[in-house]
Amino acid sequence: EDKVVQSPLSLVVHEGDTVTLNCSYEVTNFRSLLWYKQEKKAPTFLFMLTSSGIEKKSGRLSSILDKKELSSILNITATQTGDSAIYLCHSGGGADGLTFGKGTHLIIQP
Amino acid sequence: NAGVTQTPKFQVLKTGQSMTLQCAQDMNHNSMYWYRQDPGMGLRLIYYSASEGTTDKGEVPNGYNVSRLNKREFSLRLESAAPSQTSVYFCASPGLAIGEQYFGPGTRLTVT
């Protein structure tokens with residue numbers, strides 16, 4: 001059975017801190033791992049990592065795929081209150097690439 | 001270009017009532033998906049459709065039916081709503097990246 005596990009499930013930090021969110025996956029026919037940010041409405045796409053593209057960076061956010069450990073991390077540096085959201089990890093492999101983790105609820109306190 | 005649209009945005013039902021959630025995409029994708037999202041459970045796949053005329057069960061299909069009416073539209077039906085179906089429902093279609101999902105705005109359903 002395909003599985004994506006995220007940790008921690010929730011995290012509270014102060015503005016300016018750096019956070020690391022974790023995602024581990026066990027899926028058949030792995031193709032990609034994706035990170036989404038969900039604020040009040042629908043999830044929005046952040047990064048896609050594949051076997052040929054294991055590190056991505058956009059501003060204060062970066063993500064790395066560890067193919068050996070079957071895991072990925074999402075780093076956010078110099079956090080801001082606007083980073084408060086649920087961060088979802090999603091595997092683009094498996095029967096139809098449809099396995100999501102439960103999400104990490106990140107709260108940034110001023 | 002609206003992407004993925006869903007109706008209604010909010011709905012309150014009584015136990016035993018039925019309703020259909022509508023979803024449409026204008027990106028000409030073959031695949032469409034229905035998810036539900038509950039606190040602490042993440043997104044769980046209810047049904048998906050790989051192409052017009054085909055549908056398959058996902059992780060939590062019980063209590064739901066779907067119809068892929070044409071390439072644009074994929075509807076989700078609750079025949080006899082139960083309080084356990086109180087949730088936020090998202091329709092999705094593939095995005096540009098491999099495995100990416102592009103989500104509709106969601107439907108918040110409450111069953112009393």
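Each residue is numbered by its place in its chain's sequence as written, counting from 1. Each chain is given a letter, starting from A, and each ligand a number, starting from 1, according to the order in which they appear as written. Local features in a predicted model are, by the rule used here, given only for residues with pLDDT of at least 70; side-chain atom pairs are given and counted only at 80 or more, and totals for whole chains, interfaces and linings are based on all residues. To obtain the side-chain values, all non-hydrogen atoms of the structure were used and water was disregarded.

Enquirer: Give me the interface of chain A and chain B: which residues, what numbers.
Expert: In this complex, chain A contributes 18 residues to the contact, which on the side of chain B involves 18 residues. Overall, the association of chain A and chain B removes approximately 1500 Å² of surface from exposure, summing both partners, and the carbon and sulfur fraction of that is 64%. When a carboxyl oxygen of Asp or Glu lies within 4 Å of a side-chain nitrogen of Lys or Arg, that pair is called a salt bridge. On the surface where chain A and chain B come into contact, there are zero salt bridges. Here a polar contact is taken to be a pair of N or O atoms separated by no more than 3.5 Å, where protein atoms must pair a possible hydrogen donor with a possible acceptor and residues adjacent in sequence count only if both atoms sit in side chains. Our count for the contact surface shared by chain A and chain B stands at two residue pairs in polar contact (both at pLDDT 80 or more). For the side of chain A that touches chain B, the secondary-structure elements that each account for two or more residues are strand S4 (33-38), strand S5 (44-49) and strand S9 (85-91) of chain A. In this description a helix means any DSSP run of H or I spanning at least four residues, a strand means any run of E spanning at least two, and both kinds are numbered starting from the N terminus. Among the elements that make up the side of chain A that touches chain B, the one with the highest residue count is S4 of chain A (three residues). Residues are grouped as follows: Ala, Val, Leu, Ile, Met, Phe, Trp, Tyr, Cys and Pro are nonpolar; Asp, Glu, Lys and Arg are charged; all remaining types, including Gly, are polar. Residue classes in the side of chain A that touches chain B are distributed as nine nonpolar, five polar and four charged. Contacts were defined at the residue level, with two residues in contact if any of their heavy atoms lie within 4.5 Å. When two components associate, each loses some accessible surface as probed by a 1.4 Å sphere; the sum of these losses over both components is called the buried area.

Enquirer: Any chance you could break down the pattern of salt bridges for me, citing the residues and the numbers?
Expert: Per the counting criterion, the structure on display carries six salt bridges over all chains. Close ionic contact of Glu26 of chain A with Lys3 of chain A constitutes a salt bridge, the shortest N to O distance being 4.0 Å. One end of the pair, Glu26 of chain A, is in strand S3 (residues 19-26); the other, Lys3 of chain A, is in strand S1 (residues 3-7), and 23 residues separate them in sequence. By relative accessible area, Glu26 of chain A is classed as partly exposed at 47%. Its salt-bridge partner being Lys37 of chain A, residue Glu39 of chain A comes within 3.9 Å of it at the nearest N-O pair. Salt bridges sharing partners connect three or more residues here, namely Arg36, Asp38 and Arg44 of chain B. Buried means the residue's accessible area, taken with a 1.4 Å probe over protein chains only, is under 20% of the maximum for its type, while exposed means over 50%, and partly exposed covers the values in between.

Enquirer: Account for the packing of aromatic side chains, naming residues and giving values.
Expert: How two aromatic rings sit relative to each other is set out by the distance from centre to centre and by the angle between their planes. Pairs were defined over the aromatic rings of Phe, Tyr and Trp, the Trp ring being its six-membered one, requiring ring centres within 6.5 Å. Orientation was assigned from the angle between planes: stacked under 30 degrees, edge-to-face over 60, tilted for the rest. On inspection of all chains with the given rule, the structure shows eleven aromatic pairs over all chains. Each ring, one from Tyr33 of chain B and one from Tyr35 of chain B, has its centre 6.4 Å from the other, and the planes form 40 degrees; the classification is tilted. With a centroid separation of 6.1 Å and an interplanar angle of 80 degrees, the aromatic rings of Phe90 of chain B and Phe103 of chain B are classed as edge-to-face. Pair noted here: Phe90 of chain B is in strand S9 (residues 87-94) and Phe103 of chain B is in strand S10 (residues 101-103), with a separation of 13 residues, a long-range link. Judged by relative accessible area, which is 6%, Phe103 of chain B ranks as buried. What links up through ring pairs into an aromatic cluster is the set Tyr36, Phe45 and Phe100 of chain A together with Tyr33, Tyr35, Tyr48, Phe90 and Phe103 of chain B.

By themselves, these observations are geometric and do not establish any function.
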